[in-house]
Amino acid sequence: VLLQAYGGGLVQAGGSLRLSCAGSGRTFSSYHMGWFRQAPGKEREFVAAINTNGGNTYYADSVKGRFTISRDNAKNTVYLQMNSMKPEDTAVYYCAAGRTITIITTSPTQWGQGTQVTVSS
């Protein structure tokens, strides 16, 4: 599945932003989907994941309660709603796909291009 993320931008601390990731092909609904991020000088880290039917979600502790992942299989799209944003959320955000929950939360097999998110203080 080919992935394309969009929706990044500049937001003030405390604000909100929604990222979207569109997948191509008829197999989108068979993939668990996730979001990762990479801040300057840091390793890429897991942010959130969602299973194939959207019934289960997983979050990093740093975003739990502030970010919400969701998906619309009819539109081949996964979303990341980010609320109460902090300067430390500044990073390039990547969407990803994997065949198992373990893969999608640790080492996804397929990646979209990143989208920059900057949170100003």
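Just so you know, these numbers come straight off a predicted model, no measurement behind them.

A. Fine view of the overall build of the protein. If you tally the helices and strands in the protein, you get 1 helix and 11 strands. Reading the secondary structure of the protein in the N-to-C direction produces β-β-β-β-β-β-β-β-β-α-β-β. Against the compact-globule benchmark of 14 Å for 121 residues, the protein has a radius of gyration of 13 Å, which places it among compact chains. Along the three orthogonal principal directions, the C-alpha set of the protein runs to about 40 × 25 × 25 Å. A total of 121 residues make up the protein; the buried ones form 44% of that total. Contacts spanning at least 24 positions in sequence make up 57% of the contacts within the protein whose residues lie at least 6 apart. With an accessible surface of roughly 6000 Å², the protein has 48% of that area assigned to carbon and sulfur atoms. The centroid of the 11 positive side-chain charges in the protein is displaced by 9 Å from the centroid of its 6 negative side-chain charges.

B. Representation of the nonpolar core within the structure. Ranked by internal contacts, the top residues of the largest apolar core, which has 35 residues, are Trp-35, Leu-80, Met-82 and Tyr-93. Those elements that place two or more of their residues in this core are β1 (3–6), β3 (17–23), β4 (32–38), β5 (45–50), β7 (67–72), β8 (77–82), β9 (91–98) and β11 (115–120). With residues near it in sequence (within four places) discarded, Leu-80 still touches Leu-17, Arg-18, Leu-19, Trp-35, Val-47, Ala-48, Phe-67, Thr-68, Ile-69 and Tyr-93.

C. Highlighting the pattern of salt bridges. What the rule picks out here adds up to 4 salt bridges. A salt bridge links Asp-89 to Arg-37, with the shortest nitrogen-to-oxygen separation between them at 2.9 Å. Taken together, the positions of Asp-89 in the loop between β8 and β9 and Arg-37 in strand β4 put the pair 52 residues apart, joining distant regions of the chain. Residue Asp-89 is classed as buried on the basis of its relative accessible area, which comes to 1%. A salt bridge links Arg-66 to Asp-89; the nearest nitrogen and oxygen atoms lie 2.8 Å apart. Residue Arg-66 is located in the loop between β6 (57–59) and β7, and its partner Asp-89 is located in the loop between β8 and β9; the two are separated by 23 residues in the primary sequence. Each member of the pair Arg-66 and Asp-89 is classed as buried. One network of salt bridges, in which partners are shared, links Arg-37, Glu-45, Arg-66 and Asp-89.

Calculation rules
- Think of each chain on its own: its residues are numbered from 1, step by step along the sequence as written.
- Local features are withheld for residues below a pLDDT of 70 in this predicted model, meaning they are given only at 70 or higher, and side-chain atom pairs are given and counted only at 80 or more; totals for whole chains, interfaces and linings count all residues.
- Where side-chain values are given, they derive from all heavy atoms of the structure, hydrogens and water being excluded.
- By the criteria applied, helices consist of DSSP H or I runs no shorter than four residues and strands consist of E runs no shorter than two, each listed in order from the N terminus.
- As defined in this context, the radius of gyration uses C-alpha atoms, and a globule is described by 2.2 Å times the residue total to the power 0.38.
- Think of it in three bands: with a 1.4 Å probe and only protein chains considered, a residue is buried below 20% of the maximum accessible area for its type, exposed above 50%, and partly exposed in between.
- Throughout, a residue-residue contact means that at least one pair of heavy atoms, one from each residue, lies within 4.5 Å.
- Here, Shrake-Rupley sampling with a 1.4 Å probe gives the accessible areas, and only protein chains in the shown set may cover a residue.
- Positive: Lys, Arg. Negative: Asp, Glu. His and the chain ends are not part of the count.
- Working definition for charges: the position is that of NZ of Lys, CZ of Arg, CG of Asp or CD of Glu.
- By nonpolar core we mean a set of buried residues, namely Ala, Val, Leu, Ile, Met, Phe, Trp, Tyr and Cys, connected to one another through side-chain atoms within 4.5 Å.
- Just to be clear on terms, a salt bridge is a Lys or Arg side-chain nitrogen sitting within 4 Å of an Asp or Glu carboxyl oxygen.

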